[in-house]
Amino acid sequence: MTYVQEAVNKIVELCNIPSPTGYTYKAIKYLIEEFKNLGFKYYLTNKNNLLVDLGHGDSNAIMFTAHVDTLGAMVRSITNKGTLKITRIGGYPFSHIENENCTIFTRDGKEFTGTIYNIHPSVHVYEDSGTIKRNEENMEIVLDQKVYTKEDVIELGIMPGDFVAFDPRTVVTKTGFIKSRHLDDKASAGILIALAKSIRDFVIEPKRRVYMLFTSYEEVGHGGAANIPEDVTEVIAVDMGAVGSDLESNVYSASICAKDSSGPYDYEIVGKLIKAAKFAEVNYTVDIYPYYSSDVSAALRAGHDIKHGLVGPGIYASHGYERTHIEAIEATLKLLQKYLEID
């Protein structure tokens, strides 16, 4: 199996593990098993981040970050008719989750499925079914349970504060497209697993000490704010490349970010990422993301004195039902492999 196919396999497996921000334990457990099998040292932090030490040099260490937390929701309240009102976890319009199947996780370990609708779902009944505002007041979960009242739902064990995960609907097409919710950022997490395996197999031999940090709170802004080892001088967020008009990025390339809403990325690091892409002979773009920040942004706001960069596969329809292509996965993986080999 190639390392690219390894990355794709891990992406599919990760996408199918529910992990909305704050409920990432299953995804982190999966990663622990992966790195245990690869033979690397790892450390689980208090905020449920996973720090992995891949060894090699003794100083001037580099750290790659990816996040396994995803967009999701939480039960806000239970209506008198037995539906659930929700509050968003992460940033997305409610229209992106309309008619999506979902799973509710209770505090006592039960799981219930349901579907997210607007409160006027039938065009045969409601004149405003297509125009009603999609917001917190007008969206609800209809449970796959025979319930009629608030008391029926409470009896199931569901309560405000329970987590809600959206079905990923992960598909890998024969033509190489990967379609799924939560490619942000499980695509990059899968790439980092494949990168670690290529280091384990001595396909590449880094010139520096290498760490990886998998975070659990990126979607709410503080995932990478802590847990950076003292010897790390450079942190690169491996996160999705946003695809859209006025951008160069596409789903077949690695996207190198020069600036996002948190400001410019380090001049030297952006240049080295471009150099690595050229040496690796992969398709790449350099982009500016206007409404974006990363785990590296959080690290800088927390006061860490580091050089910083951002790169990842091009992802279309970010924070919706996302899509990319295996060529973007390959380009990003090969870029990172080459980055660790150049001066």
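Right above here is the structure, for reference.
So, how was this worked out
Residues numbered from 1 in each chain as written. Predicted model: local features only at pLDDT ≥ 70, side-chain atom pairs only at ≥ 80, totals over all residues. Heavy atoms only, no water. Pairing = 2+ DSSP bridges. Helix = DSSP H or I, 4+ residues; strand = E, 2+ residues; numbered from the N terminus. Contact = heavy atoms within 4.5 Å. Axes fitted to C-alpha atoms, helices over the stretch in contact; angles between N-to-C directions. Buried < 20%, exposed > 50% of the residue type's maximum accessible area, 1.4 Å probe, protein only. Polar contact = N/O pair within 3.5 Å; in protein donor to acceptor, adjacent residues only side chain to side chain. Salt bridge = Lys/Arg side-chain N within 4 Å of Asp/Glu carboxyl O. Core = buried A, V, L, I, M, F, W, Y, C linked by side-chain atoms within 4.5 Å. Left-handed = near helix turned anticlockwise from the far one by under 90°. Nonpolar A, V, L, I, M, F, W, Y, C, P; charged D, E, K, R; others polar. Disulfide = S-S within 2.5 Å.

Draft legend 1. Quick peek at the sheet that holds strand β10 (residues 171-172). The strand order across the open sheet formed by three strands is β10-β11-β19, and the pairing between neighbours is antiparallel. At either end of the open sheet lies a strand with only one pairing partner, and these are β10 and β19 (322-325). Sheet topology places β10 next to strand β11 (residues 177-180); two bridges connect them, and they run antiparallel. Within β11, the position partnered with V172 by the bridge is I178. On top of the sheet, helix α4 (residues 183-200) reaches β11 and β19; it is set at about 30° to β19, its chief contact.

Draft legend 2. Structural context of the environment of Y265. Relative to the helices and strands, Y265 resides in the loop between β16 (263-264) and α5 (267-280). Look at Y265 and you get buried, because its relative accessible area is 5%. In this structure, the C-alpha to C-alpha distance between Y265 and G309, residues 44 residues apart in sequence, is 5.5 Å. Residues within four places of Y265 in sequence aside, it is in contact with C257, A258, K259, D260, V270, S294, V296, S297, H308, G309 and L310. At 2.6 Å, the side chain of Y265 forms a polar contact with the side chain of D260.

Draft legend 3. Highlighting the pattern of salt bridges. Summed over all chains, the structure comprises 20 salt bridges. With a closest N to O distance of 3.9 Å, R209 and D231 form a salt bridge. With R209 in the loop between α4 and β12 (210-215) and D231 in the loop between β12 and β13 (232-238), this residue pair connects regions lying 22 residues apart in the sequence. Of the residues examined, D231 reaches a relative accessible area of 22% and is grouped as partly exposed. Through salt bridges that share partners, E6, K10, E13, E34 and K197 make up one connected network.

Draft legend 4. Highlighting the nonpolar core. If you look at the biggest cluster of nonpolar residues, it comprises 78 residues, and the most contacted ones within it are L31, F35, F64, L195, M212, F214 and L335. Per element, the largest residue contribution to this core is 10 residues, and it comes from α4. What L335 contacts, discounting residues up to four positions off in sequence, is A254, I256, L273, A276, A277, A280, V282 and V311. Core analysis: the second largest hydrophobic core is formed by 22 residues, I78, Y92, C102 and I158 among them.

Draft legend 5. View of the packing of helix α1 (residues 3-15) against helix α7 (residues 326-339). Look at α1 against α7: their axes get within 10 Å of each other, and the N-to-C directions meet at 115°. Here the hand of the crossing between α1 and α7 comes out right-handed. Residues Y3, V4, Q5, A7, V8 and I11 of α1 lie in contact with α7, whose contacting residues are I326, I329, E330 and L333. Split by residue class, the contact of α1 with α7 holds eight nonpolar, one polar and one charged.

Draft legend 6. Quick peek at the state of the cysteines. Summed over all chains, the structure comprises zero disulfides. Among the cysteines around C15, which has no disulfide bond, C102 carries the closest sulfur, lying 17 Å off. Accessibility expressed as a relative area gives 2% for C15, which makes it buried.

Draft legend 7. Main features of unusual backbone geometry. Omega for the bond connecting D184 with D185 falls within 30 degrees of zero, at 10°, which places this linkage in the cis form. Considering the arrangement of structural elements, one finds D185 in helix α4. In this structure, N99 is a non-glycine residue whose phi angle is positive, near 65°. Looking at the secondary structure, you find N99 in the loop between β5 (84-89) and β6 (101-105). Phi at D246 takes a positive value of approximately 70°, unusual for a residue other than glycine. Take D246: it is sitting in the loop between β14 (241-242) and β15 (254-260).

Draft legend 8. Seen up close, the pairing of strand β8 (residues 139-143). Within β8, four of the five residues are buried, which leaves the element mostly enclosed by the surrounding structure. In this structure, strand β7 (residues 111-118) lies alongside β8, joined through five bridges in antiparallel fashion. Residue pairing in the sheet places Y117 in a bridge with E140 of β8.

Draft legend 9. Molecular detail of the pairing of β6. With four of five residues buried, β6 lies mostly within the body of the structure. Two strands pair when backbone bridges link them, and β6 and β7 are joined in this way by five bridges, in the antiparallel orientation. Its bridge partner being in β7, C102 is matched across the sheet by G114. What sits between the antiparallel neighbours β6 and β7 is a turn of five residues, in which G109 has the positive phi angle 90°.

Geometric values such as these leave the question of function open.
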